[in-house]
Structure formats: C-alpha cells, structure tokens
Amino acid sequence: MPESEIAALVRLGQGAPGQALSFAGLDMAKIDALLSEIADHGDGTHRARLALGALVANKANRDRFQALLAYAPRFAARRIRDLRDERLPGAIAAWQEIGALASRAVVLNLDASAVAFQIGSLLARLAPPR
C-alpha cells in the first residue's frame, strides 16, 4: 500500500486501527476531501454533493457507502467541536440528523447517492456564512 494511502487511513481512522483498516481500498481520502470542502465552503453549485453521491452510487460501491455512513457522523462531530459562533446550534442539529440518517439508511434500503447528497447538505450548515 502506498505511504500516502497509509497516512490517509491513519488520519481517517482517528486513533482506531480497526476503523482505519476497514477504510482500506475504499477511496476514503476522496470522500474526506469532499466532506471537508462542503463543511468549509458550503456547496452552492451542488458539485461536491453530486460527486459524493457518485462515489457511493450503485451496488458495487456498497462498502464505500457503508464506510461513509460510519465516518460522516464522526467527521461532523470533529468539525463542530471547535465552533463557538452562531453556527453551533445548527451544526449540532446537523450532526444529530447525520447520525440518524446514517443509522437507518441501510436498514431502510435508502438510495445511496441521495443519502450522500443529504449528508452533504447537512454538512453545508457548518460552513461560514458568505
């Protein structure tokens, strides 16, 4: 495995080696980059959310979709930890909605690309106002 992928897995695993290994081969660095872009800048054109949906669309990407569902609530929690402005209440509500969506998406057989788009929409609440 290339060093860059190992470094990304260590960072994305957030101290949990088993979690890091479960992300191997799933292009999670790209998912993390899209989530970061949305949380940092919003996504007024929907480009990043559509790209996120494309990464998890169809049955061939089921493992990647499940990895997104496991990762997104922790990503949001990590991002809101340092918020101290008017975005905090909306960010906490977004984190709760992401967790609820992630917990029921597979059970209810929800469309993966639509769920990814919704996760991106919720994360856009974390972006600073323009």
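Residues numbered from 1 in each chain as written. Predicted model: local features only at pLDDT ≥ 70, side-chain atom pairs only at ≥ 80, totals over all residues. Heavy atoms only, no water.

### Side note on the overall build of the chain
Counting its regular elements, the chain contains 7 helices and 0 strands. For the chain, whose C-alpha radius of gyration is 14 Å, the value lies close to the compact-globule estimate of 14 Å for 130 residues. Overall size of the chain, expressed as C-alpha extent along the three principal axes, is 40 × 30 × 25 Å. Element-wise, carbon and sulfur atoms account for 58% of the exposed surface of the chain, whose accessible area totals about 6,900 Å². (Helix = DSSP H or I, 4+ residues; strand = E, 2+ residues; numbered from the N terminus. Rg over C-alpha atoms; globule rule 2.2 N^0.38 Å. Areas by Shrake-Rupley, 256 points an atom, 1.4 Å probe, with all protein chains shown as cover.)

### Here we look at the side chain of Ser-36
Secondary-structure assignment places Ser-36 in helix α3 (residues 28-41). If we skip the residues at most four places from it in the chain, Ser-36 touches Phe-75 and Arg-79. (Contact = heavy atoms within 4.5 Å.)

### Notes on the packing of helix α1 (residues 3-13) against α3
Here α1 crosses α3 at 55°, and the two axes come no closer than 9 Å. Between α1 and α3, the interaxial angle falls into the category oblique. In this structure, α1 crosses over α3, and the sense of that crossing is left-handed. Each of Ala-8, Arg-11 and Leu-12 in α1 lies in contact with α3, whose residues at this interface are Met-28, Ala-29 and Asp-32. Here the contact of α1 with α3 is built from residues that sort into 4 nonpolar, no polar and 2 charged. (Axes fitted to C-alpha atoms, helices over the stretch in contact; angles between N-to-C directions. Parallel < 35°, antiparallel > 145°, perpendicular 65-115°, else oblique. Left-handed = near helix turned anticlockwise from the far one by under 90°. Nonpolar A, V, L, I, M, F, W, Y, C, P; charged D, E, K, R; others polar.)

### Remarks on the packing of α3 against helix α7 (residues 112-123)
Helix packing geometry: the angle between the two helix axes and the distance between the axes. Between α3 and α7, the least distance of the axes is 8 Å, while the angle of their chain directions is 35°. Between α3, through Leu-35, Ile-38 and Ala-39, and α7, the contact on the second element is made entirely by Ile-119, Gly-120 and Leu-123. Among the residues forming the contact of α3 with α7, the class breakdown is 5 nonpolar, 1 polar and no charged.

### Comments concerning the packing of aromatic side chains
What the rule picks out here adds up to 2 aromatic pairs. Considering the side-chain rings of Phe-23 and Tyr-71, the 5.9 Å spacing of their centres and the 85° angle between planes classify their relative orientation as edge-to-face. Pair noted here: Phe-23 is in the loop between α2 (17-22) and α3 and Tyr-71 is in helix α5 (residues 62-80), with a separation of 48 residues, a long-range link. A relative accessible area of 0% means that Tyr-71 is categorised as buried. Between Tyr-71 and Phe-75, the ring centres sit 6.0 Å apart and the planes meet at 50°, which makes this aromatic pair tilted. Taken together, the residues span about one helical turn, with Tyr-71 and Phe-75 both in helix α5 at a distance of 4 residues. Residues Tyr-71 and Phe-75 agree in their burial class; the two are buried. Taken together, the ring pairs in this structure connect Phe-23, Tyr-71 and Phe-75 into an aromatic cluster. (Phe/Tyr/Trp six-rings, centres within 6.5 Å; stacked < 30°, edge-to-face > 60°. Buried < 20%, exposed > 50% of the residue type's maximum accessible area, 1.4 Å probe, protein only.)

### What about the nonpolar core?
Ranked by size, the top nonpolar core spans 38 residues in total, and within it Met-28, Leu-35, Leu-68, Ile-119 and Leu-123 carry the most contacts. Those elements giving two or more residues to this core turn out to be α1, α3, α4 (47-56), α5, α6 (88-105) and α7. If you tally residues by element for this core, the top one is α5, at 9 residues. (Core = buried A, V, L, I, M, F, W, Y, C linked by side-chain atoms within 4.5 Å.)

### Describing a nonpolar patch on the surface
Residues Met-1, Ile-6 and Val-10 make up a contiguous nonpolar surface patch of about 290 Å² in total accessible area. By the element assignment, Met-1 lies in the segment before α1. Judged by relative accessible area, which is 58%, Met-1 ranks as exposed. (Patch = residues over 30% accessible without salt bridge, like charges linked within 9 Å, V, L, I, M, F, W, Y side chains within 5 Å. Salt bridge = Lys/Arg side-chain N within 4 Å of Asp/Glu carboxyl O.)

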